[in-house]
Amino acid sequence: MKDGFLKAAALSPALRVADCAYNAGQIVSAMNDCAARGVKLAVFPELALTGYTCGDLFFQQALQQGAADALAQVLSASAQLDLIALVGLPLLVEGKLYNCAAAVSRGRLLGVVPKACLPNYGEFYEKRHFAPGPKRPRTITVCGQEAPFGTALLFACRQMPAFVLGAELCEDLWSPLPPSTFHALAGATVIANLSASDETVGKAEYRRALVENQSARLLCCYLYASAGRGESTQDMVFAGHDLIAENGALLAATRPFEGGCAESELDCARMLAERARNTSFLPAGEEEYQRVWFDLEVTETALTRRVDPAPFVLGDPRRRAERCELILKMQADGLAKRIDHTHAKTAVIGISGGLDSCLALLVTARAMRQLGRPASDVLAVTMPCFGTTRRTRSNAELLCQQLGVAFREVNITGTVRSHFADIGHDGVTPDVTFENSQARVRTLELMDIANLTGGFVVGTGDLSELALGWATYNGDHMSMYGVNAGVPKTLVRHLVRYEADTAPDEALRRVLLDILDTPVSPELLPAQNGEIAQRTEELVGPYELHDFYLYYVLRFGFGPRKIFRLAKAAFAGRPEYSDAVLYKWLRSFYRRFFAQQFKRSCLPDGPKVGSVTLSPRGDWRMPSDASAAVWLAELDALGIE
C-alpha cells in the first residue's frame, strides 16, 4: 500500500449451482489464500454465493436464506483477514429481489451495491427475477448488521486516500452510460465489476476491449471477475475470464476456461496524478454518494507487475516499427510546414556523425521529399575541431552522400583559436570555456551559412539533453526549428535503427548501423589516439536511467522515493545498476533538471511527438529559479550511500 500501490485480485472459484454453503466455503478459502499473498482487494463473480444460473430458483425462500447464511459465513471468516472483498448474491429488500455486490471487510458489511442495468435479451432474463437497484443509498439490515444499500456507494480506505472503491455488476459496464462513470466522477479510483458474462465466439476480445477502454476513459483501475466453472451449462457456458486494467493497459488476465485468478498491483496514486492534469476530468455528483470508510493495515506491497525500463519505447517489434514511422512522419511534417511557411531556400544542419544529427538529417531529407524538393536543398555542414575523430567525420560525409544532400566542411579550429586569443583563454586548459566556445562557434557558422543561402538552421538536440541541460546555451541549444526536441535519447536510437532496417540500399544501412555503434559524445575534448575521448554517459549518467526518471517525473509527477522504487523494479537483475548507482544518477537528474531550466525557458519551436515534452509554451512551464530542496530532501531520507 506504500507509494500508492495496492495488490488486488479478480477471482473465479469453482462453484455449485444453488449450493450456497459450498460456494461460501470456496470463497472463504480463496480469501484466505489472497490474504496470505498480501492481496488487499478481492473481487468475486456476480451471484457467486448461489451461482448465476439458478433461474426461477431465485424466487425460492430457501435459496434466499441460504445466500444470506452464506454471506454471514463470509463475514465471519473475514474478521481476521486484512482485505476488502466484494461478493455477489441475491438479496430480498422490502419485497423486491436485487442482484447485489456485498462489500465485506474485517467482519463488517460495509455496504450492498445492487445492479442497475438488467439485461432482458437473448439468453439473459434478469428482469424476470430482479429489480433495478436504486441510486440513493438507504439503510438496510443484513446478517444482523446495518449497512447502506444503493448504487451511489463508495468505499474509501482511511490509510490510503488514493484507494476509493466503486462497484458495478456485469451488464452495467455494457450499457451506454455505465454506473462506473458516475462512480469515477464522484471519486472512485478503483472500479470492481462482479460479472457472469457467458462465452461466445469473439466475446472475450470484446470484453477485454470494454474493460481496457473503460479504465482509460475513467482514468481508473478496473477489475472484472467473471463466472466460470460450476455454473450450469444448460444453455450457456462460462469461461471465468478475469481481467485487471489500469488506465487503458491490461495488467493481468486469465485465459478463458483456464480458471484461476487475475492478480496484480494497482497504482492508485497514478490515477490521481492522471486526473489532476486532465482538465476534462471534472469531479461531479459527490453529494449524491455516500462514502463508507474502512481500514487496512499499511504494508509494503511487493511489485510483481512489470515496470518497463524503457517507457518511451514499445517492446513489441511490429508496433515499435509502426510507431517509429509515425514519429518520423510527425517530425518531417512539422519541419516541412516550417520550411514552406518561411520560404526557406535551404535547410541548414550541423552534421557530426552522431545519433542526434543523423536523425535530424534523416527527418530533414524526408521533409524535402514531402515538399517535392530536391535533397540538395538540405545543406549539411560538418565543422571539425579539436575533438573530431576520423570515424565520425567519415560517417557524416558518407551519410550525406547516401541521402544526396549538399555537404560542406568548415574547419573551425582557426576561428576557435582566434576566439581564445580574444577572450584570453590559453587554448589548452580543457575547461567549460574550452568546450562551449567550440559549440557556440559552430552555431555561429550555421546561422550565418543559413543567412547566406536563404535558409534556416535545423536543431539536433533531443529531449533527454534538454532535460539534463546537456546543451551549450546559445550554442547547440539554439536553432530555428528543433526537430528532435520531443524525442528522448532512448527513442532516437530506435528511430535511426528503423531507418537502417528500412534503408533502400545496403550502403546507407551500413553507415546508419555504424553511427548506432558510435559512443554518444559532443567531441569537444581532443581525441586520444584518434578515438573519442569524451563519452557523454560517463559524465551525465546512462541515458536509459535518465529517460526512465524523466518519464515518471514529467508524466505523473511522482516523487523521488517512488521513482527510485520503480527503478529498482525495472532494472532488477542488471548488476551494473545497484541501488547506489540508481540513487546516484537519480540525484544527479534532479540536480541538473532544476539547475538547467533557464535553458528550457527559451527553446526554439519543435514538434511534440509523445506525452512528455519540455516546451515552455506547452507541456512544461517551470520557473528557472525553482529550488530542488524538497526533492533532494526526500532523496536524503532514503538513506542510500
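If you check an unreviewed UniProt entry, the protein appears there as Glutamine-dependent NAD(+) synthetase from Candidatus Faecalibacterium faecipullorum. UniProt, in the comment section headed Catalytic activity (unreviewed entry), describes the protein in these words: "deamido-NAD(+) + L-glutamine + ATP + H2O = L-glutamate + AMP + diphosphate + NAD(+) + H(+)". According to the UniProt record, the Pathway (unreviewed entry) comment for the protein reads "Cofactor biosynthesis; NAD(+) biosynthesis; NAD(+) from deamido-NAD(+) (L-Gln route): step 1/1."

It is worth spelling out the overall build of the protein at this point. Along the backbone of the protein there are 20 helices and 22 strands. Seen through its C-alpha atoms, the protein measures out along the principal axes to roughly 100 × 55 × 40 Å. Across the 641 residues of the protein, 56% fall into the buried class. If you take every contact in the protein between residues at least 6 apart in sequence, the share linking residues at least 24 apart comes to 74%. When the accessible area of the protein is evaluated, it comes to approximately 26,100 Å², of which 50% is carbon and sulfur surface. Averaging the locations of the 66 positively and 72 negatively charged side chains of the protein gives two centres separated by 2 Å.

Before going further, it helps to spend a moment on the sheet that holds strand β10 (residues 153-157). Paired through backbone hydrogen bonds, the strands of a sheet run either parallel or antiparallel to each other. One open sheet accounts for seven strands, arranged β15-β14-β13-β12-β11-β10-β17; its pairing is mixed. Looking at strand neighbours, the two that pair on one side only are β15 (249-253) and β17 (290-294), the edges of this open sheet. Each neighbouring strand pair of the sheet contributes to a mean axis angle of 25°, computed without reference to strand direction. Examined bridge by bridge, β10 and β17 share five bridges and lie parallel to one another. Residue Leu-153 lies in a different strand from β17, and its bridge partner there is Gln-290. Each of β13 (221-226), β14 (243-246) and β15 touches helix α5 (residues 203-217); the most contacted strand, β14, lies at about 30° to it.

What describes a pair of aromatic rings is the distance from one ring centre to the other and the angle between the planes of the rings. Going through the model one piece at a time under the given rule, you end up with 26 aromatic pairs. Here the aromatic rings of Tyr-98 and Phe-149 are separated by 5.1 Å at their centres, their planes lie at 70°, and the arrangement is edge-to-face. With Tyr-98 in strand β4 (residues 96-105) and Phe-149 in strand β9 (residues 145-149), this residue pair connects regions lying 51 residues apart in the sequence. With respect to burial, Tyr-98 and Phe-149 carry one shared label: buried. With centroids separated by 5.9 Å and ring planes inclined at 85°, the aromatic side chains of Phe-589 and Tyr-590 adopt a geometry described as edge-to-face. On the basis of relative accessibility, which here comes to 1%, the residue Tyr-590 falls in the buried class. Above the ring of Phe-182, the side-chain terminus of Lys-135 is found at 5.0 Å from the ring centroid. The ring centre of Phe-5 lies 4.7 Å from the NZ or CZ of Lys-562, which sits over that ring.

As a further point, take the sheet that holds strand β20 (residues 406-409). What the five strands build is an open sheet, ordered β20-β19-β18-β21-β22; its pairing is parallel. Here the strands that pair on one side only, and so sit at the sheet edges, are β20 and β22 (481-482). Where strand β21 (residues 456-459) meets β22, two bridges bridge the pair, whose relative direction is parallel. Across the sheet, the residue bridging to Val-458 is Tyr-481, located in β22. Set on the sheet, helix α8 (residues 355-370) makes contact with β18 (347-350), β19 (378-382) and β21; between it and β18 the angle comes to about 165°. Packing of helix α11 (residues 432-453) onto the sheet brings it into contact with β18, β19, β20 and β21, and relative to β18 it is tilted by some 160°.

Within the element layout of this structure, Lys-562 appears in helix α17 (residues 560-570). You can call Lys-562 buried: its relative accessible area is 6%. Once residues lying within four places of it in the same chain are set aside, the contact partners of Lys-562 are Asp-3, Phe-5, Asp-267, Ala-269 and Arg-270.

Counted under the stated rule, the structure contains 42 salt bridges. Residues Arg-128 and Asp-56 are paired through a salt bridge, measuring 2.8 Å at the closest nitrogen-oxygen approach. Of the two residues, Arg-128 is situated in the loop between β7 (124-125) and β8 (138-142) and Asp-56 in the loop between β2 (41-43) and α2 (61-78); the sequence distance between them amounts to 72 residues. You can call Arg-128 exposed: its relative accessible area is 54%. The class of Asp-56 is partly exposed, set by a relative accessible area of 39%. When salt bridges that share partners are traced, they join Lys-2, Asp-3, Glu-300, Arg-561 and Arg-565 into one network.

A few words now on empty space enclosed by the protein. Left-over empty space is what a probe sized like a water molecule reveals as it rolls over the atoms. Considering all chains together, one arrives at one cavity of 30 Å³ or more under this definition. In this structure, the largest cavity occupies an estimated 120 Å³ of space. In this structure, the largest cavity is lined by 14 residues; those nearest its centre are Gly-461, Leu-466, His-477, Gly-482 and Pro-604. For the lining of the largest cavity, the per-class residue count stands at five nonpolar, six polar and three charged.

Counting residues in each nonpolar core, the largest one holds 88 residues, and the members touching the most others are Leu-361, Leu-399 and Tyr-549. If we skip the residues at most four places from it in the chain, Leu-361 touches Ile-349, Ile-351, Val-378, Ala-380, Leu-399, Cys-400, Leu-403 and Val-405. Membership of the second largest hydrophobic core comes to 51 residues, among which are Ala-9, Val-93, Ala-131 and Met-236.

Because each turn of an α-helix spans 3.6 residues, side chains separated by three or four positions in sequence point in the same direction. Taking 1.5 Å as the rise per residue, α5 with 15 residues should run 21 Å; its terminal C-alpha atoms sit 21 Å apart, in good agreement. Those residues of α5 that sit buried are Lys-203, Ala-204, Arg-207, Leu-210, Val-211, Glu-212, Gln-214 and Ser-215. Against β7, α3 (171-174), α4 (179-185), β13, β14 and β15 lie the buried residues of α5. Positive phi shows up at Leu-219, right after α5, with a value of about 50°.

What counts, and where the lines are drawn
- Residues numbered from 1 in each chain as written.
- Predicted model: local features only at pLDDT ≥ 70, side-chain atom pairs only at ≥ 80, totals over all residues.
- Heavy atoms only, no water.
- UniProt positions renumbered as here; feature names shortened; annotations may be inferred.
- Helix = DSSP H or I, 4+ residues; strand = E, 2+ residues; numbered from the N terminus.
- Buried < 20%, exposed > 50% of the residue type's maximum accessible area, 1.4 Å probe, protein only.
- Contact = heavy atoms within 4.5 Å.
- Areas by Shrake-Rupley, 256 points an atom, 1.4 Å probe, with all protein chains shown as cover.
- Lys, Arg positive; Asp, Glu negative; His and termini not counted.
- Charge placed at Lys NZ, Arg CZ, Asp CG, Glu CD.
- Pairing = 2+ DSSP bridges.
- Axes fitted to C-alpha atoms, helices over the stretch in contact; angles between N-to-C directions.
- Phe/Tyr/Trp six-rings, centres within 6.5 Å; stacked < 30°, edge-to-face > 60°.
- Lys NZ or Arg CZ within 6 Å of the ring centre and 35° of its normal.
- Salt bridge = Lys/Arg side-chain N within 4 Å of Asp/Glu carboxyl O.
- 1 Å grid on protein atoms, 1.4 Å probe; cavity = no way out; pocket = protein on both sides within 12 Å on 5 of 7 lines; lining within 4 Å.
- Points joined across faces, edges and corners; volume = space filled by probe spheres on them.
- Nonpolar A, V, L, I, M, F, W, Y, C, P; charged D, E, K, R; others polar.
- Core = buried A, V, L, I, M, F, W, Y, C linked by side-chain atoms within 4.5 Å.
- Expected span 1.5 Å × (residues − 1).

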